[in-house]
Amino acid sequence: MSEATIEAERHALLERLFAAFNRHDADGVMACFTPGVVFDTAAGLEAHGRRLTGQDAVRAAFVAVWTDMPDVAWTVSRHTLAGERATSEWLFTGTRADGGRVAVEGVDLFVFEGGLIARKSAFRKDRPVQAA
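Residues numbered from 1 in each chain as written. Predicted model: local features only at pLDDT ≥ 70, side-chain atom pairs only at ≥ 80, totals over all residues. Heavy atoms only, no water.

K.L.:
Give a description of the pattern of salt bridges that names residues and reports values.
P.N.:
Under the counting rule described, the total for this entry stands at nine salt bridges. A salt bridge links Glu 89 to Arg 78, with the nearest nitrogen and oxygen atoms 3.2 Å apart. One end of the pair, Glu 89, is in strand S4 (residues 85–95); the other, Arg 78, is in strand S3 (residues 73–82), and 11 residues separate them in sequence. Owing to a relative accessible area of 27%, Glu 89 belongs among the partly exposed residues under this scheme. Of the residues examined, Arg 78 reaches a relative accessible area of 47% and is grouped as partly exposed. In this structure, Asp 98 and Arg 96 form a salt bridge, with 2.6 Å as the shortest nitrogen-oxygen distance. (Salt bridge = Lys/Arg side-chain N within 4 Å of Asp/Glu carboxyl O. Helix = DSSP H or I, 4+ residues; strand = E, 2+ residues; numbered from the N terminus. Buried < 20%, exposed > 50% of the residue type's maximum accessible area, 1.4 Å probe, protein only.)

Following this line, the structure appears as structure tokens:
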């Protein structure tokens, strides 16, 4: 398979991933990841955030976000691919249960393994929640 074909397939995979995020479709999201996926969240006690390993842990984290912020969405501005790696830049928006509004820019760093995503590391701006 040519490098251009691999890059196009990986770009399409990222598009499917974010479409599934925005549908709040856990099965669609998990179909984009390897069974042993590693996800480093944007926040946590460790330097890398909170590290989640495996599809069950990663699924639970996204379901929790969708439950806490039923209108949460990621508006992607750009995917950049470089070999086995990619970045996705986005605007994360959602409303918390207390009515506070979250709107922050962020980026994901991805590592591919074959036709799927093996690692996801999320980074978000640290902006205060906006009043309802």
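K.L.:
Which residues make up the environment of Ile 6, and what are the values?
P.N.:
Turning to its location among the elements, Ile 6 is positioned in helix H1 (residues 3–23). On the basis of relative accessible area, Ile 6 is assigned to the partly exposed category, the value being 28%. Between the C-alpha atom of Ile 6 and that of Gly 83, which follows or precedes it by 77 residues, the distance is 8.8 Å.

K.L.:
Talk me through the nonpolar core; I want residue IDs and the actual numbers.
P.N.:
Nonpolar side chains tend toward joint burial in soluble globular proteins. In this structure, Leu 17, Val 29 and Ile 117 are the most contacted members of the largest nonpolar core, which totals 31 residues. At the level of elements, H1, helix H2 (26–30), strand S1 (33–40), helix H3 (55–68), S3, S4, strand S5 (101–113) and strand S6 (116–124) are the ones that each hand at least two residues to this core. Element by element, the count of residues in this core is highest for H1, at six residues. The contacts of Leu 17, once residues within four sequence positions are left out, are Val 29, Cys 32, Phe 33, Phe 110 and Ile 117. (Core = buried A, V, L, I, M, F, W, Y, C linked by side-chain atoms within 4.5 Å. Contact = heavy atoms within 4.5 Å.)

K.L.:
Quick one: what's the story with the UniProt feature "domain: SnoaL-like" (unreviewed entry) in the chain, residue by residue and with numbers?
P.N.:
Using the residue numbers shown here, the UniProt feature "domain: SnoaL-like" (unreviewed entry) corresponds to residues 15–119. Between the first and last C-alpha atoms of residues 15–119 the distance is 16 Å; the span itself is 27% helix and 47% strand. (UniProt positions renumbered as here; feature names shortened; annotations may be inferred.)

K.L.:
I'd like a description of the side chain of Lys 120, backed by residues and values.
P.N.:
Tracing the chain through its elements places Lys 120 in strand S6. Classification of Lys 120 as buried rests on a relative accessible area of 5%. Looking at Lys 120, its side chain comes within polar contact range of the side chain of Asp 108, at 2.9 Å. Those residues in contact with Lys 120 that sit more than four places away from it in its chain are Phe 21, Phe 33, Val 38, Phe 39, Asp 40, Phe 62, Asp 108, Leu 109 and Phe 110. (Polar contact = N/O pair within 3.5 Å; in protein donor to acceptor, adjacent residues only side chain to side chain.)

K.L.:
So what about the environment of Asp 56? Which residues, and what values?
P.N.:
In this fold, Asp 56 is placed in helix H3. Overall, the relative accessible area of 67% leaves Asp 56 in the exposed class. On a C-alpha basis, the gap between Asp 56 and Met 30 in space is 9.0 Å, while along the polypeptide they are 26 residues apart.

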